[in-house]
Amino acid sequence: MPRFHCPAPLLAGQSLALPASAARHVQVLRLQPGHVITLFNGEGGEWAATITRMGRSDVDVTVGAHTATEREPGRAVTLAVGMPANDRMDWLVEKAGELGVATLQPLHTAHSVLRLAGERATKKQAHWQSVAIAACEQCGGNRVPTVQPVADVAAWLKALPPVNATAAELRCLLSLAEGTRPLAQVLQAVAPNTPVCFLSGPEGGLNPQEDAQARAAGFVPVTLGPRVLRAETAALAALTLALT
């Protein structure tokens, strides 16, 4: 059954017009009145809905019963990533959304090739948020990952709350430097539902100053093994391990 994100309050028996993006998708799929679809608004669960009218660019539906279905991981994971170049960030957002990431934080770092500011950064954030929504529509997720505004890594690290012995979040730095611990070993030392924040650099990784600042902010340097992975592959591998 086709699934569509509808960011609005949904109630059984309610009639409403689908958002423009969902209406376009319905048109592309050539669905017709009487077809049943699934709606989710990101607040939990999903609703059956029946198409009642097809306009040239708009679609009306009647909302049916709510099902309290959740397909989210038991652990909330944030990926803070030095943005990879070209279209690799799109791919990273899409795959992370499919896997069940909770939050994505795009970062500028010293080695970043992709540089965004002002209106261009705002447009990219909106684009990546739409990519995350599409990933949820495809994979069955009912909670949409949040794509945060693009930030400078130094400013982002400085704004993080301090960590202490009772910190509710595990912070891990994907690092090629000496003295790292295997990520699987670090994850085994905390409860399975402990939230995790991964910091991963772009092509070339973080520079020594950024690496040191991350460690000072409570990030534990971890390794994924002896192989050198692409920036987007490393972030997704860490996410997969944390959600396993």
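Check the entry above for the structure.
Residues numbered from 1 in each chain as written. Predicted model: local features only at pLDDT ≥ 70, side-chain atom pairs only at ≥ 80, totals over all residues. Heavy atoms only, no water.

A.B. asks: Which residues make up the overall build of the protein chain, and what are the values?
C.D. replies: Assigned secondary structure in the protein chain consists of seven helices and 13 strands. Projected onto the principal axes, the alpha-carbon positions of the protein chain cover approximately 60 × 40 × 30 Å. Across the 244 residues that make up the protein chain, the buried fraction comes to 43%. Long-range contacts, defined as pairs at least 24 residues apart, comprise 72% of the intrachain contacts of the protein chain with a sequence gap of at least 6. As displayed, the protein chain has an accessible area near 12100 Å², and 55% of this comes from carbon and sulfur atoms. Across the protein chain, the mean location of the 20 positive side-chain charges is 2 Å away from that of the 19 negative side-chain charges. (Helix = DSSP H or I, 4+ residues; strand = E, 2+ residues; numbered from the N terminus. Buried < 20%, exposed > 50% of the residue type's maximum accessible area, 1.4 Å probe, protein only. Contact = heavy atoms within 4.5 Å. Areas by Shrake-Rupley, 256 points an atom, 1.4 Å probe, with all protein chains shown as cover. Lys, Arg positive; Asp, Glu negative; His and termini not counted. Charge placed at Lys NZ, Arg CZ, Asp CG, Glu CD.)

A.B. asks: Can you tell me about the pairing of strand β5 (residues 59-67), naming the residues and giving the values?
C.D. replies: Taken together, the three bridges between strand β2 (residues 15-17) and β5 define a ladder with antiparallel strand orientation. Note on β5: the bridge partner recorded for A17 is D60. Relative to β5, strand β4 (residues 46-54) runs antiparallel, the two being bridged by seven bridges. Residue pairing across strands places E46 opposite T67, the latter belonging to β5. As consecutive antiparallel partners, β4 and β5 are separated by four residues. (Pairing = 2+ DSSP bridges.)

A.B. asks: Outline the nonpolar core, supporting the account with residue identities and numerical values.
C.D. replies: With 32 residues, the main nonpolar core has L79, W128, C172 and F198 as its most contacted residues. Of all the elements in the fold, those that place two or more residues in this core are β6 (77-82), α2 (88-99), α3 (118-139), β10 (170-174), α5 (183-188), β12 (196-200) and α7 (231-243). When residues no more than four places from it in sequence are discounted, the contact partners of F198 are V77, T78, L79, A80, C172, L174, L183, A238, L239 and A242. With 17 residues, the next largest nonpolar core counts V26, L31, W47 and V61 among its residues. (Core = buried A, V, L, I, M, F, W, Y, C linked by side-chain atoms within 4.5 Å.)

A.B. asks: An account of the packing of α2 against α7 is requested, with residue identities and associated values reported.
C.D. replies: The geometry of α2 relative to α7 is characterised by a closest axis approach of 10 Å and an angle of 10 degrees between their N-to-C directions. Our classification of the angle between α2 and α7 gives roughly parallel. Between α2 and α7, the contacting residues are R88, W91, L92, K95, A96 and L99 on the first element and E232, A235, L236, L239, T240 and L243 on the second. Across the contact of α2 with α7, the residue classes tally to eight nonpolar, one polar and three charged. (Axes fitted to C-alpha atoms, helices over the stretch in contact; angles between N-to-C directions. Parallel < 35°, antiparallel > 145°, perpendicular 65-115°, else oblique. Nonpolar A, V, L, I, M, F, W, Y, C, P; charged D, E, K, R; others polar.)

A.B. asks: Outline α3, listing residues and values.
C.D. replies: An ideal rise of 1.5 Å per residue puts 32 Å on 22 residues; α3 measures up with 32 Å between its terminal C-alpha atoms. Of all the positions in α3, only A121, W128, V131, A132, I133, A135, C136 and E137 are classed as buried. Count one or two residues on from α3 and you reach G140, which has phi positive near 95 degrees. (Expected span 1.5 Å × (residues − 1).)

A.B. asks: Please set out the sheet that holds β4 residue by residue, giving values where relevant.
C.D. replies: Taken in spatial order, the five strands of this open sheet run β1-β3-β4-β5-β2, and their pairing is mixed. What marks the edges here is a single partner per strand, and that holds for β1 (3-5) and β2. Adjacent strand axes in the sheet meet at a mean angle of 40 degrees, parallel and antiparallel pairs treated alike. Here strand β3 (residues 36-40) pairs with β4 via four bridges, running antiparallel. Across the sheet, the residue bridging to V36 is T50, located in β4. The sheet contacts of α3 involve β1 and β3, and relative to β1 the element is tilted by about 150 degrees.

A.B. asks: Now, about helix α6 (residues 208-216): what can you tell me, with residues and values included?
C.D. replies: Of all the positions in α6, only E210, D211 and A214 are classed as buried. Within α6, the buried residues cover an arc of 100 degrees as seen down the axis, which keeps them to one side. Across α6 from its buried face, at more than 90 degrees, point the exposed residues P208, Q209 and A216. In this structure, the buried side of α6 is in contact with α4 (153-159), β10 and β12. For α6, the side-chain oxygen to backbone nitrogen distance between the N-cap and Q209 is 3.2 Å, and the N-cap itself is N207. (Arc of directions from axis to C-beta. Polar contact = N/O pair within 3.5 Å; in protein donor to acceptor, adjacent residues only side chain to side chain.)

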